[in-house]
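If you want the building blocks of each chain, they are given just below.
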Amino acid sequence: MYADKDYIIKLRRELHKVPELTFELPKTLAIVRRELEEMGIPYTEKYGISSIVATLNEGVGNKTIAIRADMDALPIQEEADLEFASTHPGKMHACGHDCHTAMLLGTARKLKEMEKDIKCCVKFFFQASEEGPSGAKRMCESGAMEGVDTVIACHVTSVLPAGKVAINKTYSNAGCRSFVIDLYGKSSHVATPQKGVDAIAMAVRVYSDIQLMRARELDPTEPLVIGIGQFHGGTASNIVCDHVTINGTIRTATDEVNDYIAKRIKEIAEGVAADMGGSAEVVFKPFNPAVRNNHAVADAIIEAAGNVVGKENTLEKDSNMGSEDFAYFMKHAPGAMFHIGVHPEGCPVIPLHNGKLVVDESGLDVAPNIFIQFILDQMEK
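About the thresholds
- The residue numbers shown here count from 1 along each chain, following its written sequence.
- pLDDT decides what is reported in this predicted model: residues at 70 or higher carry local features, side-chain atom pairs at 80 or more are listed and counted, and totals for whole chains, interfaces and linings draw on all residues regardless.
- Side-chain descriptors were evaluated using all non-hydrogen atoms of the structure, hydrogens and water having been removed beforehand.
- Helix numbers and strand numbers start at the N terminus; a helix is a DSSP run of H or I with at least 4 residues, a strand a run of E with at least 2.
- Throughout, a contact is declared for two residues whenever any of their heavy atoms are within 4.5 Å.
- Side-chain rings of Phe, Tyr and Trp, where Trp is taken by its six-membered ring, are said to pair if the distance between their centres is within 6.5 Å; with planes under 30 degrees apart they count as stacked, over 60 as edge-to-face, and otherwise as tilted.
- Only protein chains enter the accessibility calculation, which uses a 1.4 Å probe. A residue is then buried if its area is under 20% of the maximum for its type, exposed if over 50%, and partly exposed in between.
- Consider the ring centre and the ring normal. A charge sits over the ring if Lys NZ or Arg CZ is within 6 Å of that centre and within 35 degrees of that normal.
- Cysteine sulfur atoms are paired as a disulfide whenever they fall within 2.5 Å.
- Being paired, for any two strands, means DSSP has found at least two bridges between them.
- Geometry is summarised by axes, namely lines fitted to C-alpha atoms with helices restricted to the contacting stretch, and by angles between N-to-C directions that run from 0 to 180 degrees.

Draft legend 1. Here's a closer look at the environment of Ser129. As for its placement among the helices and strands, Ser129 is situated in the loop between β4 (121-127) and α4 (135-141). Here the alpha-carbon distance between Ser129 and Val282, two residues 153 residues apart in the chain, equals 25 Å. Residue contacts for Ser129: discarding those within four places in its chain leaves Thr22, Phe23, Asp72, Ser134, Gly135 and Asp325.

Here is the structure:
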């Protein structure tokens, strides 16, 4: 039942050379189409934008299991010296989505060979734009999850060595919402501050009040981050600033806490600005929900992983505050995401989203084999 590791590695290297961003994936999509056509697996591109849904065993059995892989890369210059390094300057598969796509194609190829033994329908989601405006959200909005009973996915991790699997049964990834606050005052010479409205002073109060809100209105044991990453304003040392922009992000373990913080940030910004004689505009960017694995699906993955790599190599994953738009699929059906190690033995740990990232490819068949075992275990339940 084992997936072809050499096939997966070869495909991963081909994909790694042509990283593409968000929904602009012509070369990546061409590779996926080519492989699915050679396998004889039908597919459609009607769901979302620049995404492909392939289907094996349409109408077979009473269950449909979907497996998702994301395809997009990052706007990062590759620094690793590889024979198959990125040929697109300023773009790199620094989050392992080349691995995810190759692993899902490897899964589809093996399941096609086993087609007569598979007693359910399997859908393969090749999703665009996990790193940008959510491709998962667009796939769900256009009906990709209709009829799906269970959805699963895998993500590589550079923290664990090859052959190790990790999964979290509480929250795996945080919900994420970015925001922009524009504060408007009135310009004047600093020698006559009474004639102006200082937007920098407004921004300082807004920043402080947001931190106070976090300290006094929210449970101190609740995992969350309110980060201010950009703070821009002013034109000269002797002019009262009339405009400041604050950019930040909210990361939380629950969507309810995320919604509360967003509401309070808007109230704080508008209240402070009004109190000081200015005005505020608060804009929130699209929201990724938290990834909270379904316990039953997570248990089934743990069982499948134990059969593939052994219970001793199936670990509990720490929660983290990074976001993952796989959560949108789990709004429509029970699901779970697990992680596989790709850290090269004897090398320093390089985090994902880093131009120096190098992947140990020796374990890239682990996820496909877990996917296959999961389907064999769950297809008639």
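Structure's up, so let's keep going.
Draft legend 2. Quick look at the packing of aromatic side chains. Applying the stated rule across the entire model yields four aromatic pairs. Each ring, one from Phe125 and one from Phe329, has its centre 5.4 Å from the other, and the planes form 40°; the classification is tilted. On the criterion of sequence distance, the pair formed by Phe125 in strand β4 and Phe329 in the loop between β11 (314-316) and β12 (335-343) is long-range, its members being 204 residues apart. As far as the burial class goes, Phe125 and Phe329 line up, both buried. Where Phe326 meets Phe329, the ring centres are 6.0 Å apart and the plane angle is 50°; that geometry is what we call tilted. Each member of the pair, Phe326 together with Phe329, is buried. Within the aromatic cluster, the residues linked to one another by ring pairs are Phe125, Phe326 and Phe329. A cation over an aromatic ring shows up here: Arg109 above the ring of Tyr7, its NZ or CZ 4.1 Å from the ring centre. Positioned above the aromatic ring of Phe287 is the side chain of Arg177, whose terminal nitrogen or guanidinium carbon lies 4.3 Å from the ring centre.

Draft legend 3. How the structure looks around the state of the cysteines. If you walk through the whole model with that rule in mind, you get zero disulfides. Cysteine Cys121 is unpaired, with the sulfur of Cys120 as its nearest cysteine sulfur at 7.1 Å. The thiol sulfur of Cys154 is not disulfide-bonded, and the nearest other cysteine sulfur, from Cys99, lies at 9.4 Å. Looking at Cys154, the relative accessible area reads 4%, which means it is buried.

Draft legend 4. Seen up close, the pairing of strand β5 (residues 150-161). The element β5 is extensively covered by neighbouring structure, given that ten of its twelve residues are classed as buried. The pairing of strand β3 (residues 64-70) with β5 spans four bridges and is classified as parallel. Residue Ile65 lies in a different strand from β5, and its bridge partner there is Thr150. Relative to β12, β5 is paired through eight bridges, and the arrangement is parallel. Note on β12: the bridge partner recorded for Val156 is Ile340.

Draft legend 5. Summary view of the sheet that holds strand β7 (residues 175-184). Strand order across the open sheet formed by four strands is β8-β9-β7-β10, with antiparallel pairing between neighbours. Because the sheet does not close on itself, it has two edges, and the strands there are β8 (224-233) and β10 (279-284). Taking the axes of each pair of neighbouring strands and ignoring which way they run, one obtains an average angle of 20° across the sheet. Relative to strand β9 (residues 243-252), β7 runs antiparallel, the two sharing ten bridges.

Draft legend 6. Inspection of unusual backbone geometry at higher detail. Even without glycine at this site, Ser50 takes up a positive phi of about 55°. If you trace the backbone, Ser50 turns up in the loop between β1 (43-44) and β2 (52-56). Positive phi is not limited to glycine here, since Ser129 has a value of about 50°. A relative accessible area of 0% means that Ser129 is categorised as buried.

Draft legend 7. Spatial organisation of the sheet that holds β3. Read across the open sheet, the eight strands follow the order β1-β2-β4-β3-β5-β12-β6-β11; overall the sheet is mixed. Single-partner strands in this sheet number two, and they are β1 and β11. For strand β6 (residues 165-167) and β11, the ladder comprises three bridges, and the chain directions are parallel. Across the sheet, the residue bridging to Ile167 is Glu316, located in β11. Sheet contacts for helix α2 (residues 26-39): β1, β2 and β4; angle to β2, the most-contacted strand, approximately 15°.

By themselves, these are just geometric observations and shouldn't be taken as functional.
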